Amino acid sequence: MILGRGIRLTLLGAAVLDLLIFANATPAVVIAVAVGAMMMFMGMGLHYRPAAVTGMFIATLGAASAIDLTTLTLLGNLVTAMIGLLLPIAIITWIVLSSEESEDLPVDIATRQTLTAAAFGLGCLWSVPLVVMIIGLVHTGASLSITTTSEISIILITMTAAGVGLTFGAGGKRPIQTSTTGASELKKSTEGEGRPDQVKH
Amino acid sequence: MRSSNLGTVILCMSIGLGLASVLFSNISWSVVSIAFMTIYVYGALRFSSELRRAGIEISRTSLDDMVFAGEPSAVKVEVLNKDPAPVRGTFEDVVPQDCVLADGSNVSSKVLPPRSMLTLRYSLLPEKRGQHLIPGMKVEREDAFGLFKEEQFLEQPTLINAQTNRETFDAARRMAGREHLEFSGLARNPAIVLRELEFDGIREYVPGDRARDIHWKSFTKTGQLMTKTYRKEGSLQTMVFVDCSSSMRVKDSSIAKIDHALDLSMQITNVLLASLHPAGVAAFDEVNVVSKVMPGLGRHQFESVVRTLKEVPGSSEATYGGYELANKTQSQAPIGLEAKSNRSSGEGADFLDRISSLSRRGGRKSLGVGLEGAIKDILARGKGQEKLFIVISDLVSSRDAIIAGAKLCQRSGNRMLVIHTYDDWYRGGNGTSDEHEVERMYSSLGESLRIEGALRALGATYIRIGPADTASRIVRAIRRGKT
């Protein structure tokens with residue numbers, strides 16, 4: 001799937017609107033989100049990532065401060081968190097960090113990395129109801145009311161453990177052995193299909 | 001894989017928002033933190049898969065056939081991205097240790113699109129003669145989000161063999177036209193090249209002698225007819241041997257002995273070839289002959305000589321311990337007799353053992369077997385023709401072999417000229433000498449005089465040189481008999 005610049009800007013606008021819809025739109029929040037959105041669009045237009053990232057922080061923090069979630073054990077709150085915060089902020093972050101990319105951005109949704117990251121995000125969000133469910137199943141007599149701080153702790157512990165586990169195993173240096181034979185053969189084969197692009201320095 | 005500045009900021013924001021959510025008891029901040037971390041994790045997973053998959057091929061070529069020390073040499077590098085994903089980062093071709101970047105740039109910060117090629121062109125300036133290795137290319141990669149960086153090293157060694165300075169070649173060419181090395185004897189080969197007749201002496205007149213050869217001046221004095229005799233200068237097959245053992249390659253001043261020896265050998269060979277003497281050159285070390293070209297007079301003989309000398313290894317900077325230990329062994333060891341080996345650890349011990357085995361009494365004098373073997377080989381091919389062997393050495397590692405070679409020449413009726421690159425004259429130093437140093441220099445000089453005596457007793461010609469001695473001066477000194 002190829003996402004052109006126009007599509008990305010549209011997605012960005014939609015995500016910003018999504019944030020505003022779910023937030024309690026006070027004037028301060030609207031101004032913060034508007035300023036952030038403006039900086040994001042400017043950064044995208046100028047291919048300047050720092051400006052876009054700064055705008056992203058302003059917009060997302062403004063919107064998050066306007067949404068008051070005290071518990072994730074209620075389905076309504078869970079849906080609000082998912083659709084009103086997690087999804088639009090993830091999309092905004094992804095688009096903004098790709099602001100220095102070329103015009104057409106190839107996107108492959110069905111890759112292992114995308115699915116793993118999505119599972120990570122949803123898993124962290126759903127960790128609280130899951131933990132509550134498990135406690136309820138294991139200790140049927142135990143009280144199911146947990147404090148906001150406990151819910152936040154569950155989220156943070158899950159996020160830290162999963163985040164460290166996934167990023168720790170990633171990467172690792174791999175020196176690439178090269179050969180001139182390989183390069184020349186590939187060059188000949190690519191010249192047969194069409195000359196490879198020359199990036200001259 | 002490490003986090004870039006932006007990645008660190010995102011991570012810190014995520015952590016900060018998590019702490020803020022605890023402080024303000026607001027789960028919204030935690031959800032924002034989850035969103036940032038999700039993208040961070042996605043970026044890490046995607047980048048690591050790109051790194052595992054990446055296929056980058058590099059191809060490097062030196063564009064100059066002959067590379068000279070002190071002159072820039074052009075290098076072209078092509079980097080091919082075989083991967084379907086673009087490669088972002090900085091590509092830097094590593095410059096060898098004794099080279100500097102003369103022109104162009106060996107660094108490029110680019111996004112290399114899939115299945116495309118990046119070309120770098122730059123010039124390297126080798127500071128000294130010898131082999132210079134370009135080990136490979138350093139690539140500092142970034143991911144698409146700018147959150148992570150990874151430094152990779154692509155091993156693709158390329159060897160650049162730098163010749164001696166171009167001035168040496170120019171000097172050789174100039175000398176070939178001007179200088180003339182006379183080391184003549186009667187040539188047995190009837191196909192001689194007659195350059196000039198040289199007055200040899202007078203003898204009693206024998207009927208049949210030409211009238212113009214009569215020495216009238218002596219007739220007026222003695223009343224007896226005497227005939228002048230002349231010596232024809234014939235072509236003399238000459239082989240120049242250059243010692244490239246470890247002691248020759250130590251550089252302790254502005255010029256290394258090996259570099260000076262190579263320059264001299266090239267210039268002397270050119271003088272000989274210009275005088276139509278078949279000349280060849282060979283480089284030998286402690287155990288074998290490194291490279292060799294037999295004496296000849298072909299059109300491309302000098303090119304063959306230059307190519308052969310290019311293979312000689314380059315010099316290395318002197319380290320105090322190894323250099324001192326090596327010279328201590330030289331000063332203690334009498335000619336051809338045992339040498340005490342100082343026990344020291346590591347590389348010094350290996351070198352000393354090798355030296356001591358060279359000069360062991362009754363030991364096999366074949367170490368430096370390369371020189372002896374090469375001389376025997378040339379004599380065997382020579383069919384009895386008189387030859388001249390010029391040996392340029394510091395007489396440290398290969399002393400016994402050279403003495404054995406001189407004996408061989410004496411027995412077979414050939415000639416040897418030993419050009420001794422006297423070690424103390426090639427040393428750097430601060431100009432001040434303590435008592436120990438002065439004693440060492442005196443003992444070195446005494447040792448050198450003993451070696452000179454031994455070589456002269458074997459019929460070899462000997463000349464002691466330092467870094468200031470040029471090939472012209474050496475050739476003239478030989479011609480005037482000042483050896």
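Right above here is the structure, for reference.
Reading the values: the criteria
Residues numbered from 1 in each chain as written. Chains lettered and ligands numbered in written order. Predicted model: local features only at pLDDT ≥ 70, side-chain atom pairs only at ≥ 80, totals over all residues. Heavy atoms only, no water. Phe/Tyr/Trp six-rings, centres within 6.5 Å; stacked < 30°, edge-to-face > 60°. Helix = DSSP H or I, 4+ residues; strand = E, 2+ residues; numbered from the N terminus. Buried < 20%, exposed > 50% of the residue type's maximum accessible area, 1.4 Å probe, protein only. Lys NZ or Arg CZ within 6 Å of the ring centre and 35° of its normal. Contact = heavy atoms within 4.5 Å. Buried area = accessible area lost by both parts, 1.4 Å probe. Salt bridge = Lys/Arg side-chain N within 4 Å of Asp/Glu carboxyl O. Core = buried A, V, L, I, M, F, W, Y, C linked by side-chain atoms within 4.5 Å. Pairing = 2+ DSSP bridges. Axes fitted to C-alpha atoms, helices over the stretch in contact; angles between N-to-C directions. Polar contact = N/O pair within 3.5 Å; in protein donor to acceptor, adjacent residues only side chain to side chain. Patch = residues over 30% accessible without salt bridge, like charges linked within 9 Å, V, L, I, M, F, W, Y side chains within 5 Å. Areas by Shrake-Rupley, 256 points an atom, 1.4 Å probe, with all protein chains shown as cover.

Caption draft 1: Focus on the packing of aromatic side chains. All names here are of chain B. For the structure on display, the rule yields seven aromatic pairs over all chains. On the basis of an interplanar angle of 45° and a centroid distance of 5.9 Å, the ring pair of Tyr42 and Phe145 is categorised as tilted. Here Tyr42, found in helix 2 (residues 27–53), pairs with Phe145, found in the loop between strand 9 (130–142) and strand 10 (148–163); they are 103 residues apart in sequence, far enough to count as distant. Residues Phe241 and Phe284 carry aromatic rings whose centres are separated by 6.2 Å and whose planes lie at 70° to one another, so their mutual orientation is edge-to-face. Here Phe284 lies in strand 15 (residues 279–284) and Phe241 lies in strand 13 (residues 237–243), a separation of 43 residues in the sequence. Each member of the pair, Phe241 as well as Phe284, carries the same accessibility label: buried. An aromatic cluster of three or more residues is present, and its members are Phe241, Phe284 and Phe389. Against the face of Phe145 rests Arg46, its NZ or CZ located 5.3 Å from the ring centre. The ring of Tyr422 has Arg464 sitting right over it, with the charged end atom 5.8 Å from the ring centre.

Caption draft 2: Here's a closer look at the interface of chain B and chain A. Chain B puts 69 residues into the contact, and the matching count from chain A is 66 residues. Taking both sides of the interface into account, the surface hidden between chain B and chain A amounts to around 5800 Å²; carbon and sulfur atoms contribute 67%. Per-residue buried area on chain B facing chain A is highest for Ile27(B), Ile34(B) and Met117(B); these three make up 11% of the total on that side. The tally of links between chain B and chain A comes to zero salt bridges. Looking at the side of chain B that touches chain A, the elements that each hand over two or more residues are helix 1 (5–24), helix 2, strand 2 (56–62), strand 4 (73–81), strand 7 (107–112), strand 8 (116–126) and strand 10 of chain B.

Caption draft 3: Broad picture of the nonpolar core. Core analysis: the largest hydrophobic core is formed by 66 residues, its most contacted members being Met56(A), Leu85(A) and Ile92(A). Here this core gets 16 residues from one element, more than from any other, and that element is helix 2 of chain B.

Caption draft 4: Structural detail: unusual backbone geometry. At His47(A), a residue that is not glycine, the phi angle is positive and equals roughly 55°. Tracing the chain through its elements places His47(A) in the loop between helix 2 (27–46) and helix 3 (49–66). The phi torsion at Leu395(B) lies on the positive side, around 55°, for a residue other than glycine. With respect to the helices, strands and loops of the structure, Leu395(B) is situated in the loop between strand 18 (387–393) and helix 10 (399–412).

Caption draft 5: Layout of the pairing of strand 4 of chain B. Residues and elements named next belong to chain B. Judged by how many residues are buried, strand 4 sits mostly within the fold: seven of nine residues are covered. Of the strand pairs in this sheet, strand 2 and strand 4 are connected by seven bridges, and their pairing is antiparallel. Across the sheet, Ile58 pairs through a bridge with Val79, a residue of strand 4. Pairing between strand 4 and strand 8: eight bridges, direction antiparallel. The residue of strand 8 that forms the bridge with Leu80 is Met117.

Caption draft 6: Main features of the environment of Ser218(B). Residues and elements named next belong to chain B. Secondary-structure assignment places Ser218 in helix 4 (residues 216–222). Owing to a relative accessible area of 12%, Ser218 belongs among the buried residues under this scheme. Separated by 16 residues in sequence, Ser218 and Ile202 place their C-alpha atoms 9.5 Å apart. With near-sequence residues (within four places) excluded, Ser218 lies in contact with Gly223, Gln224 and Met226.

Caption draft 7: Layout of the sheet that holds strand 19 (residues 415–421) of chain B. All names here are of chain B. Strand order in the open sheet formed by six strands is 16-15-13-18-19-20, with mixed pairing between adjacent strands. Looking at the sheet topology across the chains shown, the edges are occupied by strand 16 (289–296) and strand 20 (461–465). Taken over all neighbouring pairs, the strand axes of this sheet differ in orientation by 15° on average, direction set aside. Direction of pairing for strand 18 relative to strand 19: parallel, over a ladder of six bridges. Across the sheet, Ser393 pairs through a bridge with His420, a residue of strand 19. Its contacts with the sheet put helix 6 (residues 301–310) on strand 13, strand 15 and strand 16, and the angle it makes with strand 16 is roughly 170°. Sitting on the sheet, helix 11 (residues 435–457) touches strand 19 and strand 20, and the angle it makes with strand 20 is about 155°.

Caption draft 8: Representation of the side chain of Ser245(B) within the structure. All names here are of chain B. Here Ser245 is to be found in the loop between strand 13 and strand 14 (250–251). Assessed through its relative accessible area of 0%, Ser245 is described here as buried. At 2.8 Å, the side chain of Ser245 and the side chain of Asp243 are in polar contact. Among all residues touching Ser245, those that are not within four sequence positions of it are Phe284, Asp285, Glu286, Ser397 and Ser398.

Caption draft 9: Examining the side chain of Ser73(B) more closely. Along the polypeptide, Ser73(B) turns up in strand 4. Excluding residues that lie within four positions of it along the chain, Ser73(B) makes contacts with Ser62(B), Asp64(B), Val67(B), Tyr122(B), Ser123(B) and Leu124(B).

Caption draft 10: Summary view of a nonpolar patch on the surface. Residue and element names in this part refer to chain A. A surface patch of nonpolar side chains, about 940 Å² in accessible area, is lined by Leu75, Val79, Ile83, Leu122, Trp126, Leu130, Met133, Ile134, Leu137 and Val138. If you list the elements that add at least two residues to the nonpolar patch, you get helix 4 (75–97) and helix 6 (127–138). No other element matches the five residues that helix 6 contributes to the nonpolar patch. Mapped onto the elements of the fold, Val79 is located in helix 4.

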